[in-house]
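Reading the structure
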Amino acid sequence: MASNQISLLELIQIFAEYRNNIIINIKHLQEDYQRTGIKRIKGVRNENGELLQPWLRTEYIDNAEYVGMGEFQFNRNTATINMLVKRKVKLAKFEDQTPTLEVAGLLVNDLNSFNNYTIVSDGKINVKSLQVKISSKKAFDLLKKKGVVDAKDFDFNAEYSIQLDNLPLVAFDSCYSSIDGLFYQLAEIKVLASIIVAHLKKESDVFIAAQLDEFQKHYLSKNIYINFPTTNEYTDINQALLHGTLDSRLSYKIDIGSQDILNLTKLHSANKFLNRMYRLYDKQTGEIIIKPSFEMALVAQELVPLQICIINLIDDCQKNPI
């Protein structure tokens, strides 16, 4: 490899910057894509292992050959890069394809499906190439300068093949800063984020319970995201290996921690920590709450205030994470 060759990481950063000016040939991607895990399919299995299909299904509205450049997500612990592709879909009955346009008084004609494509899996390039069209000459010139587009002149109608499997993952001259003290910063962020999430109500502030029930029947979340039940395509891992749908490889996970805490997964959630370390009771009746949660601070004024618990939680998580 040439020492001045662009890295895959730098290329993906360019993709992210110009994602609104690059479209991907989704059919080419799907045909050449190597799945990294057991395929999940929509539905549930009964006691006999038979697949029961949902009564609704999704259909792509565009059914086009090209889709917009997805958003990239990095997992540095496992050296994995995923590309999340969003596409417009509609709900229809599984039996006769009758469209479902309204649920619980709400129009559901603006739904999206989300599919993850693993570009790099466990430090190995999983997608060999992408077929793209580019609508920005500035983006074209940059990709040509970096040597990943082999074309003389810019043509917004042309399809370009960008090879990924001949690129180093990171630059040869990459410099990395010290991670001293980083773990404790991440731990504090995780604790605070967990407390915020624990305060959020499980119910919706917009829809009533009857509407939420209707959403659930139509496989929709309270935020109007499609949420079909899924199960493994094959009930036995040997079947997946036999059909060639599963790749077997060693996987390594690199993480950071401290001498007291191995990694961030050792920190309990806010509600679990509250349940283990504190006792919540009703000030009027003295009744002990069996399963306390931070959500109670927002709905019950007569309960002991939880502000002290929040402060103690951050402090105690550092001293006694287990």
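Report follows, based on the coordinates. Model, not experiment: these values are computed from the prediction.

Reading guide: rules and limits
Residues numbered from 1 in each chain as written. Predicted model: local features only at pLDDT ≥ 70, side-chain atom pairs only at ≥ 80, totals over all residues. Heavy atoms only, no water. Salt bridge = Lys/Arg side-chain N within 4 Å of Asp/Glu carboxyl O. Helix = DSSP H or I, 4+ residues; strand = E, 2+ residues; numbered from the N terminus. Buried < 20%, exposed > 50% of the residue type's maximum accessible area, 1.4 Å probe, protein only. 1 Å grid on protein atoms, 1.4 Å probe; cavity = no way out; pocket = protein on both sides within 12 Å on 5 of 7 lines; lining within 4 Å. Points joined across faces, edges and corners; volume = space filled by probe spheres on them. Nonpolar A, V, L, I, M, F, W, Y, C, P; charged D, E, K, R; others polar.

**Some remarks on the pattern of salt bridges**
Tallying each qualifying case throughout the model produces six salt bridges. Residues glutamate 59 and lysine 90 are paired through a salt bridge, measuring 3.9 Å at the closest nitrogen-oxygen approach. Linking glutamate 59 in strand 5 (residues 56-60) with lysine 90 in strand 8 (residues 80-93), this pair joins segments that are 31 residues apart in sequence. Residue classification places glutamate 59 among the buried positions, given a relative accessible area of 19%. Among the ionic pairs, lysine 217 bridges to glutamate 214, the shortest N-O distance being 3.6 Å. With lysine 217 and glutamate 214 both in helix 5 (residues 209-217), this residue pair falls three residues apart, about one helical turn. For glutamate 214, a relative accessible area of 28% puts it in the partly exposed group.

**Section: the layout of surface pockets**
Taken as a whole, the largest pocket spans an internal volume of roughly 1100 Å³. Surrounding the largest pocket, 30 residues form its lining, Arg35, Lys39, Arg40, Phe114 and Asn115 being those nearest its centre. At the level of elements, strand 2 (40-42), strand 5 and strand 12 (111-121) are the ones that each hand at least two residues to the lining of the largest pocket. Ranked by residues supplied to the lining of the largest pocket, first place goes to strand 12 with seven residues. Here the residues of the lining of the largest pocket sort into ten nonpolar, 14 polar and six charged. Of the pockets and cavities examined, the second largest pocket occupies roughly 500 Å³. Around the second largest pocket, the lining comprises 17 residues; the ones closest to its centre are Leu9, Arg76, Ala79, Val170 and Tyr176. Of all the elements in the fold, those that place two or more residues in the lining of the second largest pocket are helix 1 (8-17), strand 7 (71-75) and strand 8. Here the lining of the second largest pocket is composed, by residue class, of eleven nonpolar, five polar and one charged.

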